[in-house]
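So you can see what is in the structure, the chains are spelled out below.
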Amino acid sequence: MSPSLFNFTDAKDKFTASARHAVAGKAIKPLLNSFNQIPGNETEKKTTLDQALRSVLGDQIVEQKASCDDYLSLIYLSIQAVTEGICSATTPFQLLGDILDCLPLDLCDRIFSFVEENVSTWKSNSFYTAGKNYLLRMCNDLLRRLSKSQNTVFCGRIQLFLARLFPLSEKSGLNLQSQFNLDNVTVFNKNEQESTLGQKHTEEKEDGMEEGEMGEEEAPAPCSIPIDYNLYRKFWTLQDYFRNPLQCFDKFFWMTFLKFSDETLAVFKSYKLDDMQASKRKMEELRASSGEHVYFAKFLTSEKLMDLQLSDSNFRRHILVQYLILFQYLKGQVKFKSSSCVLNDDQTAWIEETTKLVYQLLKETPPDGDKFANMVEHILNTEENWNSWKNEGCPSFVKERTVDDKSKRPSRKRQAPEDFLGKGPDRKIFMGNDELTRLWNLNPDNMEACKSDNRSVDQKSREFMPSLDEFFAEAIEQADPVNMVEEEYKVVRNPNYGWRALRLLSRRSPHFFQPTNQKFKSLADYLDSMVSKLAKELPKDIPSEEIKTGEEDDDDNGDNLLKDSNDSPSIQSKLVTNQQMDDIATKLGAQWKTLAPFLEMKAVELREIETDSEDVEMQAKLLLVAWQDREGTQATVESLATALNAAGFSQIADGLSEA
């Protein structure tokens with residue numbers, strides 16, 4: 001049996017009846033049942049359901065019995081139908097457009113509140129791509145119907161909704177070519193013959209009695225600047241330059257703008273506003289009036305209002321901020337600005353000076369002038385970033401990684417053993433860097449190598465801690481000047497050698513923990529000093545060829561760093577020991593400074609000693625250690641005893657000699 005053919009008329013009637021039932025019950029189940037029961041492919045059924053929903057809406061509008069809630073119920077039903085996949089994604093937007101086109105503005109306000117509340121729905125993946133153009137067209141149609149002066153709040157809500165709906169980089173909402181609203185023309189009296197400013201003082205005299213009846217606090221303060229028609233005309237002519245800044249790049253127009261601006265700013269500068277009690281009372285009334293603010297829908301250019309406008313702080317701020325915005329455009333780098341639109345040096349200098357004057361006038365304008373000026377400056381600085389962004393073509397703020405830069409997600413956080421255990425015939429194990437890998441793979445079985453105490457079995461199987469003479473033998477040999485080993489080739493310059501040397505010195509050498517006042521620039525310099533000390537303390541059983549630099553050095557009277565082992569005892573007997581320095585430091589106590597000049601210690605070194613420790617015995621010990629480090633092999637008992645006798649410590653010197 002062949003499948004039944006799709007009948008558009010029958011399907012539309014069934015969908016229409018189901019839609020009415022679903023709207024009444026506020027449930028989508030009847031619509032789903034009808035969609036599943038009607039034969040045909042999904043595309044045909046979706047198209048038919050779209051027509052059925054619009055037909056139901058048309059009947060509601062024609063009958064004029066439905067309320068806003070009924071319209072919104074139908075919109076909710078269409079949104080659920082899109083979510084269930086039984087109608088087109090554009091249907092809710094078409095229904096909204098039909099409703100707003102047919103309803104009066106007061107009902108459109110309620111419908112648009114629903115649109116605002118569901119902005120997250122419109123931005124979802126199911127609706128945004130299909131409906132963004134419908135929403136933009138719908139909002140533009142509404143703006144054409146609204147009056148900017150009477151429906152100001154409604155217009156602002158529409159603009160805010162569009163700002164929330166579209167991303168910042170949406171091209172339809174950007175003035176990419178920096179075009180100006182040239183239709184914003186400020187109308188004022190340009191016929192001097194019709195001006196009433198010349199009759200002002202006469203009228204004031206005639207109405208003097210009536211004005212005198214007003215309370216002193218309520219009467220506005222008269223403007224001290226004589227206002228004539230020339231000032232009135234020049235002041236309002238400036239609005240044409242604010243409307244179209246490109247005129248400033250014309251020489252003739254620039255001279256006119258320069259002249260009119262100087263006169264206007266001179267008026268602002270000479271007539272300063274005071275933060276009077278009346279102004280404070282006005283501000284308090286504005287703050288208390290449920291958050292309402294001063295708003296100028298359009299300038300009032302009546303000649304009779306000129307003196308009041310010059311006395312109004314909000315009006316003055318409005319004009320001064322216009323100057324700053326104009327100056328920012330003239331100085332800024334705008335992509336679509338013509339190549340001929342360039343300021344010369346004189347224009348740039350005038351703009352810089354005038355900008356400072358405008359900020360100064362803003363700070364002097366009450367109330368909170370400093371705070372307002374700083375806020376305006378901050379906003380204009382932020383605007384520079386937007387200008388740069390537009391000059392770059394408005395790139396998206398979302399930076400997507402390229403395919404190569406995308407980090408591959410690891411399949412597991414920790415490596416499995418097979419990833420680093422040895423592979424291949426040599427079973428080499430990689431430990432992360434070359435040195436650790438070499439050390440780990442010295443022996444195939446590290447546990448057995450650690451247990452072994454017999455080095456004769458395998459000399460390379462395990463390295464025990466070497467003795468000082470074995471480890472430093474090469475360094476001592478290189479330290480001898482006769483061998484002429486360059487500094488960069490000495491083993492003490494090797495970081496690995498230096499690290500091992502420090503560990504060995506901390507375990508085997510008493511020099512490592514001795515306090516010293518000598519400063520070293522690098523580890524290599526410190527090791528050179530330690531090598532010199534160790535060379536003097538080599539044991540007797542070291543073969544002479546390991547520490548001698550030649551037989552001809554035996555008669556050098558101790559000038560060379562290394563000596564024959566036979567001379568070591570005699571040298572060691574003359575050197576001052578640590579125990580001797582401790583005893584002398586205890587006996588000197590607070591008198592250690594008396595000895596310092598005879599040891600040729602500098603004042604800087606004495607200050608450092610006093611800084612390092614507050615204990616007088618430790619200070620005396622640091623003095624002797626610094627002297628020993630400086631003298632090296634010349635720090636003998638005889639030298640110290642001579643210095644003690646010269647300083648007047650003969651008893652301490654005698655005790656040192658006897659020891």
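Each remark here, short or long, concerns the structure printed above.
A quick note: this is a predicted structure, and the numbers were derived from the prediction, not measured.

When you line up the elements, Ala620 lands in helix H31 (residues 616–631). Taking the relative accessible area as the measure of exposure, Ala620 reaches 0% and is therefore buried. Separated by 27 residues in the primary sequence, Ala620 and Lys593 have C-alpha atoms spaced 8.1 Å apart. Those residues in contact with Ala620 that lie beyond four places of it in its chain are Ala585, Leu588, Gly589 and Trp592.

If you walk through the whole model with that rule in mind, you get 31 aromatic pairs. For the pair Phe235 and Phe268, a centre-to-centre distance of 6.4 Å together with 80 degrees between the ring planes defines the contact as edge-to-face. One end of the pair, Phe235, is in helix H12 (residues 229–243); the other, Phe268, is in helix H13 (residues 251–270), with 33 residues separating them in the sequence. Residue Phe268 is classed as buried on the basis of its relative accessible area of 1%. Aromatic rings pair up to connect Tyr241, Phe242, Trp254, Phe257, Tyr323, Phe327 and Trp350 into one cluster. Above the ring of Phe35, the side-chain terminus of Lys45 is found at 4.4 Å from the ring centroid. Directly above the ring of Tyr329 sits Lys337, whose terminal nitrogen or CZ lies 4.7 Å from the centroid.

Before going further, it helps to spend a moment on the pattern of salt bridges. If you walk through the whole model with that rule in mind, you get 17 salt bridges. Across the salt bridge formed by Asp98 and Arg54, the nearest N and O atoms sit 3.0 Å from each other. Here Asp98, found in helix H5 (residues 91–102), pairs with Arg54, found in helix H3 (residues 42–63); they are 44 residues apart in sequence, far enough to count as distant. Exposure remark for Asp98: the relative accessible area of 22% places this residue in the partly exposed category. Between Lys490 and Glu487 there is a salt bridge, with its nearest N and O atoms 3.0 Å apart. The exposure class of Glu487 is partly exposed, given its relative accessible area of 38%.

To continue, consider the side chain of Gln309. Tracing the sequence through the fold places Gln309 in helix H15 (residues 306–310). Every residue in contact with Gln309, bar those within four places of it in the chain, is listed here: Trp236, Leu300 and Phe315.

Thresholds applied
- Residues numbered from 1 in each chain as written.
- Predicted model: local features only at pLDDT ≥ 70, side-chain atom pairs only at ≥ 80, totals over all residues.
- Heavy atoms only, no water.
- Helix = DSSP H or I, 4+ residues; strand = E, 2+ residues; numbered from the N terminus.
- Buried < 20%, exposed > 50% of the residue type's maximum accessible area, 1.4 Å probe, protein only.
- Contact = heavy atoms within 4.5 Å.
- Phe/Tyr/Trp six-rings, centres within 6.5 Å; stacked < 30°, edge-to-face > 60°.
- Lys NZ or Arg CZ within 6 Å of the ring centre and 35° of its normal.
- Salt bridge = Lys/Arg side-chain N within 4 Å of Asp/Glu carboxyl O.

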